[in-house]
Amino acid sequence: MVAIPAVIGSLNRKLLRDLWRMRGQAIAIAVVAMCGIATFVTMRGSYEAMIASQASYYEQYRFADVFANAKRAPRTVLDRIREIPGVNEAHGRVVFNATLDVPGLDEPASGRLVSLEPDLDSGLNRVHLRSGRAPHPGNEREVLLSEAFTAANNLHPGDTLGAIINGRKERLLITGIAISPEYLNEMSGNSFPDNRRFGVIWMARDALAAALDMRDSMNDVSVVLAPHASESQVIEELDRLLKPYGPLGAYGRSEQLSHSFISDELAQSRVSGMVIPAIFLGVAAFLIHNVLLRITVLQRAQIALLKSFGYRNFAVALHYMKFALVTVMIGGVMGIALGTLLGRGLAGLYARFYHFPSLQFSLSGFVIGTALLIAALAATLGAALAVSRVLKLVPAEAMRPEAPARFKPGPLERLGLRRFIPLSLRMVLRSLERNPAKAMLSILGLALAISLMIAGQYTFDALEEVIRIQFRTAQRDDVTLSFNTPRDFSVVYNLAALPGVLRVEPFRSSPVKMKFGHRSKKTAIIGLVRERQLRVVLDENEKEIDLPAEGVVLSRKLAEVMGARAGDVLTLEFLDGKRPTLSVPVTKLVDEPIGILAYMDITALARLLQEPQTASGAFLAVDPLHRSALYRQLKEVPSVATLNLREATLESFMATVAENMRVNTMVLIAFACAITGGVVYNSARIALSEHAIELASLRILGFSKGEVGAMLLGEQALLILAAIPLGCALGYGLAALLSALLSQEMFRIPLVVSTRTFVISIGVLLAAAMASGFLVWRKVQHLDLIEVLKTRE
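Position numbers for residues count from 1 along each chain, tracking the sequence in the order it is written. The predicted origin of the model limits local features to residues at a pLDDT of at least 70 and limits the giving and counting of side-chain atom pairs to 80 or more, whereas totals for whole chains, interfaces and linings rest on all residues. Processing note: side-chain calculations cover all non-hydrogen atoms of the structure and skip hydrogens and water entirely.

Q: Would you mind showing me how to read the sheet that holds strand E10 (residues 217-225) here?
A: Hydrogen bonds between backbone groups are what pair the strands of a sheet, and the pairing can be parallel or antiparallel. DSSP calls a pair of strands paired once it identifies at least 2 bridges connecting them. The numbering of helices and of strands both runs from the N terminus, where a helix is a DSSP run of H or I of at least 4 residues and a strand a run of E of at least 2. The strand order across the open sheet built from four strands is E2-E10-E1-E11, with neighbouring strands paired in antiparallel fashion. Edge positions in the open sheet fall to strand E2 (87-93) and strand E11 (251-252), since each of these has one partner strand only. In terms of strand pairing, strand E1 (residues 66-74) meets E11 through two bridges, oriented antiparallel. For Phe-67, the partnering residue across the bridge sits in E11 and is Tyr-251. We call two residues in contact whenever any of their non-hydrogen atoms come within 4.5 Å of each other. An axis is simply a line fitted to the C-alpha atoms; with a helix, the fit covers only the stretch in contact. Between two such axes, the angle follows the N-to-C directions and lies from 0 to 180 degrees. Here helix H6 (residues 231-242) sits on the sheet and contacts E1, E2, E10 and E11; the angle it forms with E1, its principal contact strand, is near 10°.

Spelled out as structure tokens, the structure:
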């Protein structure tokens, strides 16, 4: 019996020789593993950094658990709110939307004025001062301005801007730049952040209350819950207390706009950090399986000799397992280093979108340990079949060469087609026919490479589809404006008289709490005019639908959240006007990639609200030549609360959601290209190893180097051609999986894969095949015939 140290030493030397001899394939496997681990470390590390920063920020600056709005409530109601079981702390504020005149910005901007406590360290939803100072209590026109808005408009402490507050134009002095957990993303509604045209302004409570004639009143309530308190019960009681004061419905943190937006981002990051690395490492396991399976076949006699000399099954099996572990672990260590680098870059990208006091990427022990564990698991799974074959080999049986394959006429011979096919092609076809399992494994590996490329690129197709449907087909207006309060329908004529306005289409937006069964959701019903051109509702075939005279049309995502279908009857609790509660049927579902809204005919909505037709806002088509004049006039209109420009909204979308997705997608595409190269190269090298004796024999029989090389590369070409349709199908399925997993309530990713994506993916595969073919061709040209034909006993 050989001593254990000697066993380990000799097998380790053999392992190093095997790794060096197969270094090309080992490097390819390590690169694939590196891509998978780097993706996991990047996404999981960034996710953990965001979660940690969010939790710390929320706790330190007292971010509320429940929010409520009312038209006007006395501050004395706060005492009664604090007595609600489960309420730990309650805070009342004054909040008002105003039109802003920002220096250097032609169009009017929108601002949300929020009352500020004299002591910045008191109350809820506190602000963090980035620079400058807090407003002096005695100065009524000093304000803090949100960081993203000041950066987008190049504003600094000491600058001023205009604001229309309660019908009067005021000049506000910026004393400091601030952020708040309530506005990680500065959003005015169910749109995307537009930091240039929307900002948050914090003004001293007494000054803002006096400007709005609300000295002893409030219109916004924030609540922190006690541990283990029931959020739903607190919300129900809060709505009851505020009912006399025109509440718009209390809601929990999960429905708070900024928190909901970042929660969707975190959910996507969490899913991506699990699914995509799993796919990459699955490919790595597949490559290990192919390589080790081939090694155990070629080293059949060596395995028998090792067992005959006293090496235990465990030692021999561990030797081949080490090949997988060493290869993948090298890739894993490189992946951790690369993932750390990419994670820091991704954290910097997040810091541009989400305004935390600090956001630092840090590599936790959990991430490192999990990454190495995943790499080891991939290596183990990939090596399992090869190791099982090693354990089953009996020395006496393994010492004999494998029995030669049994040859018989194939389909070409039986059909009498062989005389029409060149000899070299017949040999290739016979080889594939007689080894169908190996051929299928090679085809599957190549198909996986194509599928990864398709999955990496389809995000671009999805973004283009969202832009086309949402911002080009459904939204055709140039300007969308909203009023502070619903206006009489005659406002249409006033808007039509503004300079440059070509068409006006009013709309009515009514906040509503929908109920169906045990589910409820706070959203808005948009009432649209019957004859409309600027905002249309589309069916699944992108055809404009007519809104019914009765009933409500739901977006498909909202119907999914509610668990409702067309024909079901919803209970609608309207939160404005006379606040009726009605049962309304769902008449149709429509697909929309952004937001969760419901639509009705504006006349039918007015009938349900028991009010004459009013307008919450309007869609405008504007002559480009007169936009500047229109913007100047809108800056002076006190009734306008917010103003959105379609192109600006698109620009904001591209700078937030789309930019983040593009950066992640570019990294994934780079990884997919590396993996494709590794798969193709491994496939070609395995083919060369399997056919080395045959190729050498053909050379001895008089075939030229070119003919021999053409046979080998011809087989690879046929495998690649067979893999292309399978890879396209797998890629489409993978894109469908990612679309389902990554779609969130705020933003859905449509399943769209363009012809361009398929062509580029196939082109990358062919380019990798050509590069690998060139390397293999060189190997064939330098084939050592004597060495290859040596017997291996």
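From this point, the discussion proceeds with the structure in view.
Q: Honestly, the pattern of salt bridges in this entry has me stumped. Any pointers?
A: A side chain with one charge may pair with a side chain of the opposite charge, provided their charged atoms come close. Here, a salt bridge means any Lys or Arg side-chain nitrogen found within 4 Å of an Asp or Glu carboxyl oxygen. By the definition in use, this model includes 36 salt bridges. A network of salt bridges, in which partner residues are shared, links Arg-472, Asp-478, Arg-627, Arg-646 and Glu-647.

Q: What exactly am I supposed to notice about a nonpolar patch on the surface here?
A: Patch members must show over 30% relative accessible area and no salt bridge, and they are joined within 9 Å when carrying like charges or within 5 Å when they are nonpolar side chains of Val, Leu, Ile, Met, Phe, Trp or Tyr. Exposure was quantified through the Shrake-Rupley algorithm and a 1.4 Å probe, taking into account, for residues, occlusion by the shown protein chains and nothing else. A surface patch of nonpolar side chains, about 230 Å² in accessible area, is lined by Val-326, Ile-330 and Met-334. Of the residues examined, Met-334 reaches a relative accessible area of 36% and is grouped as partly exposed. Whether a residue is buried, partly exposed or exposed follows from its accessible area with a 1.4 Å probe, protein chains only, as a fraction of its type maximum: under 20%, in between, or over 50%, in that order.

Q: What is the right way to look at the packing of aromatic side chains in this model?
A: The description of an aromatic ring pair uses the distance of the two centres, along with the angle that the planes make with each other. A pair of aromatic rings is counted whenever rings of Phe, Tyr or Trp (Trp by its six-membered ring) have centres within 6.5 Å, and the orientation is called stacked for planes under 30 degrees apart, edge-to-face for over 60 and tilted otherwise. Scanning the model with the defined rule gives nine aromatic pairs in all. With 5.3 Å between their ring centres and 75° between their planes, Tyr-57 and Tyr-61 make a pair best called edge-to-face. In terms of burial, Tyr-57 and Tyr-61 fall into one category: buried. Taking 4.7 Å as the distance between ring centres and 25° as the angle between the ring planes, the aromatic pair formed by Phe-507 and Phe-619 counts as stacked. Highlighted residues: Phe-507 in strand E13 (residues 501-516) and Phe-619 in strand E19 (residues 614-622), separated in sequence by 112 residues. Both residues of the pair, Phe-507 and Phe-619, count as buried. An aromatic cluster of at least three residues, connected via ring pairs, comprises Tyr-58, Phe-63, Phe-67 and Tyr-251. Counted as over-ring charges are cases with an Arg CZ or a Lys NZ within 6 Å of the ring centre that also lie within 35 degrees of the ring normal. Directly above the aromatic system of Trp-20 lies the positively charged group of Arg-23, at a separation of 4.1 Å from the ring centroid.

Read these as spatial facts, not as claims about activity.
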